[in-house]
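Summary of the model geometry
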Amino acid sequence: MIRAYRGALPRLGQNVYIDEQSCVIGDVELGDDASVWPMAVIRGDVNFIRIGARSNVQDGAVLHVTHDGPLLPGGMGLIVGDDVTIGHQAILHGCTVGNRCLIGMGAKVLDRAVIEDDVFLAAGALVGPGKRLESGWLYRGSPAVQARRLTEQELSNLAYSAAHYVRVKNNYLQG
């Protein structure tokens, strides 16, 4: 489940949970209390992946990067902030996700896209290459568009979701 690629071995913070049916490869860093759930793939082979503290990568999610080449000089790594929930079967590819975001089930975020802090990306949404999602909004659709401002309750739920997964992963670590 944890594998090196060309000498780069994933680096784990404290109290990280990685399910034995997931796969974490290469130049990947997982912050303290992060969790990776069954069938998730985090493949930092041709560029880096950084996942912040208390973030969770749910079942079947795929996180990957873009190599340095003529189509994208320098390539594009993947950065996920703190307290982020990445929903089941979401795909993040060479993008940046801020803190306290929720990436809905089956959502796709493509190269060079930037999701600012405190964003809720609805299930099934598609964020195209280079698009920027503004803090404090719900985005939905394919392509993703601003739907409405998040309420104070919804903003607090973003942090709650991450904290909930920390509690669940702690249960798994304790057996």
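So, here's what we can say about the structure. Source: prediction; values computed, not measured.

**Things to note about the sheet that holds strand β20 (residues 145-149)**
Within the open sheet, the 8 strands sit side by side as β3-β5-β7-β10-β13-β16-β19-β20. Their pairing is mixed. Two strands bound the open sheet, and with one partner strand each, they are β3 (17-18) and β20. For strand β10 (residues 85-86) and strand β13 (residues 102-103), the ladder comprises 2 bridges, and the chain directions are parallel. Bridge pairing in β13 places I86 opposite I103.

**Digging into the pattern of salt bridges**
Summed over the entire model, instances satisfying the criterion amount to 11 salt bridges. Of the charged contacts, one joins R11 and D27 as a salt bridge, the two residues approaching to 2.9 Å between their closest N and O atoms. With a gap of 16 residues between them, R11 in strand β2 (residues 11-12) and D27 in strand β4 (residues 23-30) connect regions that are remote in the sequence. Assessed through its relative accessible area of 36%, R11 is described here as partly exposed. You can call D27 partly exposed: its relative accessible area is 23%.

**A few points about the pairing of β20**
By the bridge criterion, 4 bridges tie strand β19 (residues 137-140) to β20 in an arrangement that is antiparallel. Of the residues in β20, the one forming a bridge with R140 is V145. Taking the residues between adjacent antiparallel strands as the criterion, β19 and β20 are bridged by 4 residues, where G141 takes a positive phi near 100°.

**What to know about the environment of N56**
Turning to its location among the elements, N56 is positioned in strand β7 (residues 56-57). Discounting residues that sit within four places of it in the chain, N56 has contacts with S35, W37, V84, T85, I86, S161, A162 and Y165. For N56, the side chain forms a polar contact with the side chain of T85, separated by 3.1 Å.

**Considering the nonpolar core**
Membership of the largest hydrophobic core comes to 37 residues, with the highest contact counts inside it found for I42, L63, I86, L92, I103, I115 and L121. Every element with two or more residues in this core is listed here: β4, β6 (41-51), β9 (78-80) and β19. Setting aside residues no more than four positions away along its own chain, L121 makes contact with L102, I103, G104, A107, V109, I115, V127, L133, Y139 and A144. Of all hydrophobic cores here, the second largest spans 5 residues; its members include A122, L138, L150 and L158.

**Describing the packing of aromatic side chains**
Considering all chains together, one arrives at 4 aromatic pairs under this definition. A centroid spacing of 5.0 Å and a plane angle of 45° characterise the contact between Y17 and W37, whose relative ring orientation is tilted. Placement of the pair is Y17 in strand β3 and W37 in the loop between β5 (35-36) and β6, with a sequence separation of 20 residues. The same class applies to Y17 as to W37, namely buried. On the numbers, 5.9 Å between centres and 70° between planes, the contact of W37 with Y165 is edge-to-face. Of the two residues, W37 sits in the loop between β5 and β6 while Y165 sits in helix α1 (residues 152-174), which places them 128 residues apart along the sequence. Looking at W37, the relative accessible area reads 4%, which means it is buried. Classification of Y165 by relative accessible area gives buried; the value is 18%. Members of the aromatic cluster, each reached through a chain of ring pairs, are Y17, W37, Y165 and Y172.

Here is what the cut-offs are and how they apply
- Residues numbered from 1 in each chain as written.
- Predicted model: local features only at pLDDT ≥ 70, side-chain atom pairs only at ≥ 80, totals over all residues.
- Heavy atoms only, no water.
- Pairing = 2+ DSSP bridges.
- Helix = DSSP H or I, 4+ residues; strand = E, 2+ residues; numbered from the N terminus.
- Salt bridge = Lys/Arg side-chain N within 4 Å of Asp/Glu carboxyl O.
- Buried < 20%, exposed > 50% of the residue type's maximum accessible area, 1.4 Å probe, protein only.
- Contact = heavy atoms within 4.5 Å.
- Polar contact = N/O pair within 3.5 Å; in protein donor to acceptor, adjacent residues only side chain to side chain.
- Core = buried A, V, L, I, M, F, W, Y, C linked by side-chain atoms within 4.5 Å.
- Phe/Tyr/Trp six-rings, centres within 6.5 Å; stacked < 30°, edge-to-face > 60°.

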